[in-house]
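Read off the chains here:
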Amino acid sequence: MAETADLVLLVADTAGFATEIFRTNHEEALSKLLKEALFHYKRDPGWFEVTVRGNRFYACQLVTIPLLVFIKKRVPARQLQAAAERTLAQMSVYSDSADPDAWIMINANFLSPLPRPCVNLWQARKLKNWLEKAIFTEPGEYEIPEKKTAPVGVKKAAEAVNENASAVQNKRKKGPDAEKIMERVMLGWRVSEICKEQNCSESYVYKLIKKRKGNSAMDYRWKQWELIAGMYHAEPKMTVEEIEKACGVSRAVIYHAVKKIADRDGKEITPREREKKLTQEDVEAIKNKLSTGVLRKHILDEYNITTDTLIKYIGRRADHRVIPEELKEYAVRLRVQGKTLQQTAAILGVTVATVKRAWSKKKDSPEIKEKRVKYDNRNVLSKRDRDQAVNAVLRDGHTRKQIYTQYGINALTLRRYIREAQRKETELLREKGKDSGQNDDN
């Protein structure tokens, strides 16, 4: 880099490329790449400063495939578009390997008087190493083709072809855009969000991922689990709330991912990483210390527990009471007998959330399933009575409590009858829709 460039684009790896862009020669290409860098850079590691051959640059990292697609479609530089297209083709062939890193470096003088970014020596050293290996190419200018006049007959034929092409293009616009879908996938969007935006099915997205990247949806799910497990076991430790915000998943998904990776690798979750349990003596001692004015953060350090663990045993307030296991078992027994969550909570004098937690831990066990079937079959309704009970709720507007009291069944049995009727009605409507579609085709 003899003359200091205004912007440097680098895609690492042997399939990558590097290019220097100057505002005097490539103003439009520089403007588009600069906007892409300012709006879509990776928040981790963010912007950092790097000095290359005595020149100061502000650098950021971008997601590789969306950047290459953006260059191929939007950046008006012929050779740069060709390089991006070539790199995309090579990446699709070698899909098993990780995507190469991509950086954009902007001359510090070009961006002034914006504030200086943070110092990240590791990222700067990594970027310098790739720059030393890179072979720079000219971006090339965008050439506007000259318009040529054609004979009248040829012109009419061309207009007809253009009309047909525009009609086909309009049809395609109504369907999902494969390139946008792959961009969203590489940016970490959820499949449900992509389907909602592109108005397509999840199977279409999974098949497209398999076709483009050679990986199934389950492979990507395992990669996400590996990422979550790595963040969960990282040092210094990240809290579950931080992982939730970073990955956009719930706490249950985090624990499920950690368990799946541990089972696959044959490792056990160490007691230090698992939520620590407190004995009754520990709880009494902590309560005494809190009553004497000891701060909660000191309690956390002394017992090596998290805030959630302390709240679980001590509560947020001084009048917090721990629900005994006998009461939880009684809550499960009432649920088996057909009591609703609200009814069970009212009988035991606890919150609905407490009943829900106790029930969720036991409802899928074989013993509870057997008891529920046995209890539900104590007063089996005939098909006629079952249909009348379902119609009374769904069509006549009676409350469920009135119906299950009248027929002598519990709330869970009535709910099962209603769900079964709704499922059958949905399947019947779906079959009618298929038959009508076939008749229209004929």
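Here is what the cut-offs are and how they apply
- Residues numbered from 1 in each chain as written.
- Predicted model: local features only at pLDDT ≥ 70, side-chain atom pairs only at ≥ 80, totals over all residues.
- Heavy atoms only, no water.
- Helix = DSSP H or I, 4+ residues; strand = E, 2+ residues; numbered from the N terminus.
- Buried < 20%, exposed > 50% of the residue type's maximum accessible area, 1.4 Å probe, protein only.
- Contact = heavy atoms within 4.5 Å.
- Areas by Shrake-Rupley, 256 points an atom, 1.4 Å probe, with all protein chains shown as cover.
- Axes fitted to C-alpha atoms, helices over the stretch in contact; angles between N-to-C directions.
- Parallel < 35°, antiparallel > 145°, perpendicular 65-115°, else oblique.
- Nonpolar A, V, L, I, M, F, W, Y, C, P; charged D, E, K, R; others polar.
- Expected span 1.5 Å × (residues − 1).
- Phe/Tyr/Trp six-rings, centres within 6.5 Å; stacked < 30°, edge-to-face > 60°.
- Disulfide = S-S within 2.5 Å.
- Pairing = 2+ DSSP bridges.

(A) Molecular detail of the overall build of the protein. In terms of helices and strands, the protein carries 22 helices and 6 strands. By residue count, 35% of the 442 residues in the protein fall in the buried class. If you take every contact in the protein between residues at least 6 apart in sequence, the share linking residues at least 24 apart comes to 61%. When the accessible surface of the protein is summed, it comes to about 29,200 Å², and 51% of that surface belongs to carbon and sulfur atoms.

(B) Quick look at the packing of helix α11 (residues 240-247) against helix α12 (residues 251-265). Here α11 crosses α12 at 100°, and the two axes come no closer than 9 Å. Comparing their axes, α12 and α11 come out roughly perpendicular. Taken together, the residues of α12 that come into contact with α11 (itself represented by Val 240, Glu 241, Ile 243 and Glu 244) are Arg 251, Ile 254 and Tyr 255. Counted by class, the contact of α11 with α12 contains 4 nonpolar, no polar and 3 charged residues.

(C) Focus on helix α13 (residues 280-291). For α13, with 12 residues, the first-to-last C-alpha span of 17 Å sits near the 16 Å given by 1.5 Å per residue. The first or second residue beyond α13 is Gly 293, which carries a positive phi of 105°.

(D) Layout of the packing of aromatic side chains. Applying the stated criterion across every chain, the model contains 2 aromatic pairs. Measuring from ring centre to ring centre gives 4.8 Å for Trp 222 and Trp 225, while their planes differ by 80°; the resulting arrangement is edge-to-face. Of this pair, Trp 222 and Trp 225 both sit in helix α10 (residues 217-232), 3 residues apart, roughly one helical turn. According to the relative accessible area criterion, Trp 222 is partly exposed, its value standing at 25%.

(E) Spatial organisation of the state of the cysteines. On inspection of all chains with the given rule, the structure shows 0 disulfides. You can see Cys 200 has no disulfide; the closest cysteine sulfur is in Cys 195, sitting 4.4 Å from it.

(F) Broad picture of unusual backbone geometry. Residue Asp 44 is joined to Pro 45 through a cis peptide bond whose omega torsion reads 20°. Here Arg 53, not a glycine, exhibits a phi torsion of approximately 55°, which is positive. Within the secondary structure, Arg 53 sits in the loop between β3 (48-52) and β4 (55-62). Under the relative-accessibility criterion, Arg 53 is labelled exposed at 59%. Its identity is not glycine, yet Asn 199 carries a phi of approximately 55°, on the positive side. Relative to the helices and strands, Asn 199 resides in the loop between α8 (191-198) and α9 (202-213).

(G) Here's a closer look at the environment of Glu 244. Structurally, Glu 244 can be placed in helix α11. Overall, Glu 244 belongs to the partly exposed group, its relative accessible area being 22%. A C-alpha to C-alpha distance of 7.7 Å links Glu 244 and Ile 254, two positions 10 residues apart in sequence. In contact with Glu 244, not counting residues within four places along its chain, are Val 249, Ser 250, Arg 251 and Ile 254.

(H) Main features of the pairing of strand β5 (residues 102-107). A large share of β5 lies buried, amounting to 6 of its 6 residues. Note: strand β1 (residues 7-11) against β5, 5 bridges, orientation antiparallel. Looking at β5, one finds that Leu 10 is bridged to Trp 103.

(I) Quick peek at the sheet that holds strand β6 (residues 136-137). Read across the sheet, 6 strands follow the order β3-β4-β5-β1-β2-β6 without closing on themselves; strand pairing throughout is mixed. With partners counted over all chains shown, the strands left at the sheet margins are β3 and β6, one partner each. Sheet analysis places β3 next to β4, joined by 5 bridges and oriented antiparallel. Looking at β4, one finds that Val 52 is bridged to Asn 55. Across the face of the sheet, helix α1 (residues 27-40) comes into contact with β1, β2 (17-21), β4 and β5 while running at roughly 65° to β4.

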